Amino acid sequence: MSTLSGWAAPSSGSSAIGPPLAESFYARDVLVVARELLGCLLQVGDTLGRIVETEAYHQREPACHGHNGRTPRCRSLFGPPGTAYVYRAYGIHRCFNVVCEDEGVGAAVLVRAVEPLAGIAAMRKRRGVERLEDLCSGPGKLCQAFAIELEHDGTSLVDGPIRLFALEGGRPRASAIVAAPRIGISRAVDLPWRFCLAESRFLSRPRPTPPQVAGTRD
DNA sequence: CTGAGGATGTGCT
DNA sequence: GCACATCCTCAGG
């Protein structure tokens with residue numbers, strides 16, 4: 001019973017799941033989509049989880065695979081909004097992205113961490129680890145747990161094998177979201193384009209250094 | 001808890 | 001060659 005502060009009651013079995021996110025959801029500024037994907041549900045086959053950490057990438061900044069234009073590898077990054085962009089990282093792992101903005105623009109949200117909700121036995125088997133916090137707490141881990149493969153690259157998130165849903169009952173409060181620099185990159189390191197649900201135990205790193213705002217304390 | 005190093009495929013400086 | 005949008009294991013404090 002994962003209760004996240006700032007949230008309506010979680011979907012414990014009953015139908016708190018809204019409709020699949022439509023193409024129009026993705027056809028917006030990648031930074032907006034990266035924030036709004038927090039709390040949404042990811043479903044592949046019998047596995048289900050809640051997105052707790054994302055990063056935005058855009059061709060106008062040099063950390064993005066599409067920065068030097070369309071190449072065979074990042075072809076689907078330039079596809080229609082709502083397309084899956086799955087690529088191999090470090091020779092071993094996969095990373096799962098959600099293509100955003102207009103077709104022809106290289107922009108996507110990397111899903112970095114998910115809170116496991118269903119299909120947990122399958123996730124444990126695929127991952128070879130037991131701890132709930134270790135199943136999907138990283139971009140490579142969640143692809144393994146959800147069995148997201150390179151074959152999913154270019155598929156539709158609206159009606160394909162990988163699906164995303166909104167929760168009915170609203171989004172996380174803005175105050176529940178922390179922005180921080182992206183992880184594992186060496187260019188454009190200062191852009192605060194990583195977004196986390198601050199209270200989640202399922203992040204890829206314990207917690208981004210919270211912005212210290214004078215006078216803010218509780 | 002932290003940091004170092006290896007595994008490994010692909011696409012480029 | 002080398003640089004990766006990573007993860008695991010091991011050594012040390």
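It should be noted that the structure appears before, not after, this text.
Attention here is on the structure that accompanies the text.

Cut-offs and rules
Residues numbered from 1 in each chain as written. Chains lettered and ligands numbered in written order. Predicted model: local features only at pLDDT ≥ 70, side-chain atom pairs only at ≥ 80, totals over all residues. Heavy atoms only, no water. Phe/Tyr/Trp six-rings, centres within 6.5 Å; stacked < 30°, edge-to-face > 60°. Buried < 20%, exposed > 50% of the residue type's maximum accessible area, 1.4 Å probe, protein only. Lys NZ or Arg CZ within 6 Å of the ring centre and 35° of its normal. Helix = DSSP H or I, 4+ residues; strand = E, 2+ residues; numbered from the N terminus. Polar contact = N/O pair within 3.5 Å; in protein donor to acceptor, adjacent residues only side chain to side chain. Contact = heavy atoms within 4.5 Å. Near = heavy atom within 4 Å. Nonpolar A, V, L, I, M, F, W, Y, C, P; charged D, E, K, R; others polar.

**Notes on the packing of aromatic side chains**
All told, the structure shown has two aromatic pairs when counted by the stated rule. Between Phe-25 and Tyr-26, the aromatic rings sit 5.3 Å apart at their centres with planes inclined by 85°, giving edge-to-face as the arrangement. Per residue, the accessibility class of Phe-25 equals that of Tyr-26, and both read buried. The ring of Phe-25 has Arg-28 sitting right over it, with the charged end atom 4.8 Å from the ring centre. Lying over the aromatic face of Tyr-57, Arg-182 brings its terminal NZ or CZ to 4.5 Å of the ring centre.

**Points about the side chain of Glu-53**
For Glu-53, the position within the fold is in strand 3 (residues 47-58). A relative accessible area of 0% places Glu-53 in the buried class. Among the polar contacts listed, one links the side chain of Glu-53 to the side chain of Arg-112, at a separation of 2.9 Å. Leave out the neighbours within four places in its chain, and Glu-53 touches Leu-38, Leu-110, Val-111, Arg-112, Ala-113, Ile-183, Arg-194, Phe-195, Cys-196, Leu-203, Ser-204 and Arg-205.

**Some details on unusual backbone geometry**
Leave glycine aside and you will find that most residues have negative phi; peptide bonds, for their part, are mostly trans. Residue Tyr-90 is not a glycine yet carries a positive backbone phi of 55°. Mapped onto the secondary structure, Tyr-90 falls in the loop between strand 4 (84-89) and strand 5 (93-99). Given a relative accessible area of 74%, Tyr-90 falls into the exposed group. Phi at Ala-188 takes a positive value of approximately 50°, unusual for a residue other than glycine.

**Quick look at the protein's contact with DNA strand B**
The immediate surroundings of DNA strand B are formed by Thr-71, Arg-73, Arg-88, Tyr-90, Gly-91 and Ile-92. When atoms of DNA strand B within 4 Å of the protein are sorted by moiety, sugar and phosphate together comprise 47%. At 2.3 Å from a base oxygen of DNA strand B is found a main-chain nitrogen or oxygen belonging to Tyr-90. Within the backbone of Gly-91, an N or O atom sits 3.3 Å from a sugar or linking oxygen of DNA strand B. Split into classes, the residues belonging to the surface near DNA strand B amount to two nonpolar, two polar and two charged.

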